[in-house]
Amino acid sequence: MKILEPLIFDLSAEGRTAVSLPVCDVPKEAVETLVPPAYLRVQEPELPQVSEIDAVRHFTRLSTFNHGVDSGFYPLGSCTMKYNPKVNEALARLSGFATIHPYQPENLTQGALQLMAELQDDLAEIAGMDAFTLQPAAGAHGEMTGILIIRAYHEHRKDSKRTKVIVPDSAHGTNPATAAMAGFEIVQVPSNERGGVNLEELRKVANDEVAALMLTNPNTLGLFDENITEIAKIIHDVGGLVYYDGANLNAIMGIARPGDMGFDVVHFNLHKTFATPHGGGGPGSGPVGVKEFLAPFLPKPVVKKQADGTFTMDYERPLSIGRVRSFYANFGVLVKAYSYIRSLGGEGLREASENAVLNANFLMQVLKEHYYVPYDRVCMHEFIITPKNLKEYGVHTLDIAKRLLDYGYHPPTIYFPLIVEEAMMIEPTETESVETLTQFAEALIKIAEEARTDVELVKNAPHTTLITRLDETGAARHPNIRWRKA
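A few points on the structure.

Quick notes on the rules
Residues numbered from 1 in each chain as written. Predicted model: local features only at pLDDT ≥ 70, side-chain atom pairs only at ≥ 80, totals over all residues. Heavy atoms only, no water. Salt bridge = Lys/Arg side-chain N within 4 Å of Asp/Glu carboxyl O. Helix = DSSP H or I, 4+ residues; strand = E, 2+ residues; numbered from the N terminus. Buried < 20%, exposed > 50% of the residue type's maximum accessible area, 1.4 Å probe, protein only. Pairing = 2+ DSSP bridges. Contact = heavy atoms within 4.5 Å. Axes fitted to C-alpha atoms, helices over the stretch in contact; angles between N-to-C directions. 1 Å grid on protein atoms, 1.4 Å probe; cavity = no way out; pocket = protein on both sides within 12 Å on 5 of 7 lines; lining within 4 Å. Points joined across faces, edges and corners; volume = space filled by probe spheres on them. Nonpolar A, V, L, I, M, F, W, Y, C, P; charged D, E, K, R; others polar. Expected span 1.5 Å × (residues − 1). Bend = angle between axes of the 7 residues up to and from the residue. Parallel < 35°, antiparallel > 145°, perpendicular 65-115°, else oblique. Left-handed = near helix turned anticlockwise from the far one by under 90°. Phe/Tyr/Trp six-rings, centres within 6.5 Å; stacked < 30°, edge-to-face > 60°. Lys NZ or Arg CZ within 6 Å of the ring centre and 35° of its normal. Arc of directions from axis to C-beta. Core = buried A, V, L, I, M, F, W, Y, C linked by side-chain atoms within 4.5 Å.

Attention shifts here to the pattern of salt bridges. All chains considered together, the criterion is met by 27 salt bridges. Here E155 and R151 are joined by a salt bridge, their closest N and O atoms 3.8 Å apart. Of the two residues, E155 and R151 both sit in helix 6 (residues 139-156), four residues apart, roughly one turn of that helix. With a relative accessible area of 32%, R151 lands in the partly exposed category. Sharing partners across several salt bridges, the network here consists of R157, D159, K161 and R162.

Right, here's the structure in full:
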């Protein structure tokens, strides 16, 4: 490992400071009275002593080491790291939205409530659902909300024997985790040779103990399940419900609707599909939509339009699962998603999906001549390749991902989904040009050639980054994330 830049502690010199603070005017006796002694420092923190310009330059320099969608191609499969139009950011920063307080009286927040009500309706139309809640703060949070709604539905019907949730082996890892957290037993079903749910195996486990089936379509392999309506029928025939993980909606938005496929509950990732920033810990948003018979169980409150045309928060929902978060939602994210939907319209949303699918199939066709494609069929918005054909040279997926860094690209998702050995999951999104995709493909093709002619170059990559190849196992087992004075 090499470090080319000095740490801010290396710039420290006794007596330098970046701030000028007034003398504390709180008497020491008062501090000791207000704060328990156990929480008071006995010595000064060991912070670097640097000037303001050194501090500014240090953190500005660090920011240039980060990779973001604004600085480069970000083909992170299953996470839809697409470009976020700046107009959405500007609209979310309008003072009427940015400075609003979530607990302001309703008569002072009618514009915000109207936006939320219209966004609920827009999402319902896109999903083929009848009602939506905007409360969930992320995709996994939306999953939990949806599964709690399903549980509440069965409990309301006094159908207590439904203790199982079926999850395909190609599912996102949050699906079984969510169902388990909600108190359900997980039943896994395998994929068939086409990458879809194995119907024969599904029928074996579908019975009156099943509360729900959780899946996304297209699935994590980037493949649309050709038997989706039959899958829904199998579950409905035994009294279960069908849950749609909306993480991959970017492939079908404006083209097909989960509700029309037979799904009863859906969550959307606004921070993936509807072009609001994704990553860095948030904020996100995972609204949940349901069919009419499940609407009474939605979290309260929901925005409701009254007869006089004004908007209010509806708390009178006796069957509701209750709140799933404080306040009402990550409102700024809702504004961006609303702006995205309204600026594109129905035709624009459809075109975005069509371009996402076109870009993925273009890349897959180019790369299949140089890498192994486990499911060689038309993909949707993402696809899987592996270096299986390079195995004899001792090259692994991690090596290829590290070498991509030398070419200036963020690597795709690797080693997921778990059912494909050495998987690389690539999602180009609709916002990338054919020139960008071609350059990315050329980098991967060159790496494949390097694996054959100079394997050590690939296995020791990256070479041009600030920090070179790490001992990732050691770093995970013995993380060193805190500076300590020598």
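From this point on, the discussion continues.
Next up on the list: the sheet that holds strand 10 (residues 383-385). Across the sheet, three strands lie side by side as 10-12-11; this open sheet has antiparallel pairing. If you trace the sheet from one side to the other, it starts and ends with strand 10 and strand 11 (413-414), each paired once. The sheet contacts of helix 11 (residues 331-367) involve strand 10 and strand 12 (424-426), and relative to strand 10 the element is tilted by about 15 degrees.

Another point: empty space enclosed by the protein. Overall, the coordinates contain three cavities of 30 Å³ or more when judged by the stated rule. Lining the largest cavity, in full, are P168, S170, A171, S191, G195, G196, V197, L215, T216, N219, T220 and D225. When its residues are assigned to classes, the lining of the largest cavity shows four nonpolar, seven polar and one charged.

What follows concerns helix 11. For helix 11, with 37 residues, the first-to-last C-alpha span of 41 Å runs short of the 54 Å given by 1.5 Å per residue. At G345, helix 11 shows its strongest bend, of approximately 100 degrees.

With that settled, consider the side chain of T273. Position of T273 among the secondary structure elements: in the loop between strand 6 (265-268) and strand 7 (288-290). Once you skip the residues sitting within four places of it in the chain, T273 turns out to touch K82, G246, L249, N250, M253 and Y340.

Moving on, we come to the packing of helix 12 (residues 397-406) against helix 13 (residues 434-453). As a packed pair, helix 12 and helix 13 sit with axes 10 Å apart at the nearest point and diverge in direction by 125 degrees. Judged by the inter-axis angle, helix 12 sits oblique to helix 13. At the point where helix 12 passes helix 13, the crossing takes the right-handed sense. Seen from helix 12, the contacting residues are I400, R403 and L404; seen from helix 13, they are F440, A443, L444, I447 and E450. Here the residues of the contact of helix 12 with helix 13 are counted per class, giving six nonpolar, no polar and two charged.

Within a pair of aromatic rings, the relevant descriptors are the distance that separates the centres and the angle that separates the planes. Summed over the entire model, instances satisfying the criterion amount to twelve aromatic pairs. Aromatic ring contacts, followed pair by pair, group F132, F268, F274 and Y340 into a single cluster. Positioned over the ring face of Y372 is K388, at 4.7 Å from the centre of the ring.

Of the residues making up helix 7 (residues 174-181), those classed as buried are N175, T178 and A179. The buried side chains of helix 7 occupy one side of the element, clustering within an arc of 95 degrees when seen end-on. Just downstream of helix 7 lies G183, where phi reads positive at about 95 degrees.

Further remarks concern unusual backbone geometry. Look at the link from F416 to P417: it is a cis peptide, with omega at 5 degrees. Positionally, P417 belongs in the loop between strand 11 and strand 12. The linkage connecting A461 with the following residue, P462, adopts the cis geometry, with an omega of 5 degrees. Note on placement: P462 falls in the loop between helix 14 (455-459) and helix 15 (472-477). One non-glycine residue, S78, lies in positive phi territory at about 75 degrees.

Once that is clear, we can look at the nonpolar core. Membership of the largest hydrophobic core comes to 59 residues, with the highest contact counts inside it found for L123, F268, F274 and L334. With eleven residues, helix 11 is the largest single contributor of residues to this core. Leaving out residues up to four positions away in the same chain, L123 has contacts with F132, L134, F268, L270, F274, P287 and I341. Of all hydrophobic cores here, the second largest spans 26 residues; its members include A360, L367, V395 and V458.

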